[in-house]
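Understanding the architecture of this molecule
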Amino acid sequence: MPQKIAAGNWKMNGMRASLDEARAVASGAPDGITTVLCPPATLLAAMPEGLAAGGQYCHPAVKGAHTGDISAEMLADAGASHCITGHSERRADHGETDADVRAQTEAAWRGGLIAILCIGETLAEREAGRTLDVLMGQLDGSLPEGAGPANTIIAYEPVWAIGTGKVATPDQVAEVHDALRGRVGPDMSLLYGGSVKAGNAAELFALVNVDGALVGGASLTAADFLPIAEALAAS
Ligand code: 13P
């Protein structure tokens, strides 16, 4: 059975004062699911007990002359158990390719982290009817040999639904997640991400192959994030 996972991606948001929100999430996190917050790396070491913490990116190397970068080993040393790889914002802002994402995912594993590997189509790709081809191509290019439920979580994040308030419809999500299930097997957790809020979470979690969410904006406060985690626990 796939694990149920409520994951929050704080992106480039959060100062030390935001640790109050992380503490509130930790103390309110429901039983029966895994709750993960991925804060900026500056806050990882200060994250509270009672929830899992993750990085948002890792460099493929263990260490070296890579100014501004961070390794999986460093994230683990700071308390991370997870690391997002392949987020569309990194693919866009930093030109990361599927091959880069594969190397980062392998690095995450090497560092003892569970990779949360993100894939997603653009609006133009969806409108051209290419959604499943694009997603399977991303997986072919970025999911390393040896991926399994113990080391990898897949997050389907349609680029057009991220930060736009436009959530994919349950039919759209079901079509993709059913195809992903066929590709990765019965036990790997499949998350949906893209404008998930308390008000739309339950209908997404009711889908048979949706095992949780990767939440951006609504993960920044406990008041927004905990109801999503509770909806998942109740699903
Ligand atoms: P939003 O929930 O803000 O749309 O962000 C989704 C996301 O990109 C999570 O990684």
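Above this note sits the structure.
This is a predicted model, so every value here is computed, not measured.

1. With respect to the packing of helix α9 (residues 198–205) against helix α10 (residues 222–234)
Following both chains from N to C, one finds α9 and α10 inclined at 20°, their axes separated by 9 Å at the closest point. In terms of axis orientation, α9 runs roughly parallel to α10. When the axes of α9 and α10 are compared, the crossing they make is right-handed. Every residue of α10 that contacts α9 at Ala198, Ala201, Ala202 and Phe205 is listed here: Pro227, Ile228, Ala231 and Leu232.

2. What to know about the packing of aromatic side chains
Using the criterion set out here, one finds one aromatic pair in the structure. For the ring pair Tyr156 and Tyr192, a centre distance of 6.1 Å and an interplane angle of 65° mean the geometry is edge-to-face. Within this pair, whereas Tyr156 is found in strand β6 (residues 152–156), its partner Tyr192 is found in strand β7 (residues 190–192), the two being separated by 36 residues in sequence. On the basis of relative accessible area, Tyr156 is assigned to the buried category, the value being 0%. On the basis of relative accessibility, which here comes to 1%, the residue Tyr192 falls in the buried class.

3. Focus on the site of the ligand
Contacts to the ligand come from 13 residues, most closely from His87, Gly163, Ser195, Gly216 and Gly217. A distance of 2.8 Å separates an oxygen atom of the ligand from a polar side-chain atom of His87. Between the ligand and the protein, one listed contact pairs an oxygen atom with a backbone N or O atom of Gly163 at 2.6 Å. Isolated, the ligand exposes 300 Å² of accessible area, and the fraction of that covered by the protein chains is 96%. Residue composition of the shell around the ligand, grouped by class: four nonpolar, seven polar and two charged.

Definitions and limits used
Residues numbered from 1 in each chain as written. Predicted model: local features only at pLDDT ≥ 70, side-chain atom pairs only at ≥ 80, totals over all residues. Heavy atoms only, no water. Axes fitted to C-alpha atoms, helices over the stretch in contact; angles between N-to-C directions. Helix = DSSP H or I, 4+ residues; strand = E, 2+ residues; numbered from the N terminus. Parallel < 35°, antiparallel > 145°, perpendicular 65-115°, else oblique. Left-handed = near helix turned anticlockwise from the far one by under 90°. Contact = heavy atoms within 4.5 Å. Phe/Tyr/Trp six-rings, centres within 6.5 Å; stacked < 30°, edge-to-face > 60°. Buried < 20%, exposed > 50% of the residue type's maximum accessible area, 1.4 Å probe, protein only. Near = heavy atom within 4 Å. Polar contact = N/O pair within 3.5 Å; in protein donor to acceptor, adjacent residues only side chain to side chain. Areas by Shrake-Rupley, 256 points an atom, 1.4 Å probe, with all protein chains shown as cover. Nonpolar A, V, L, I, M, F, W, Y, C, P; charged D, E, K, R; others polar.

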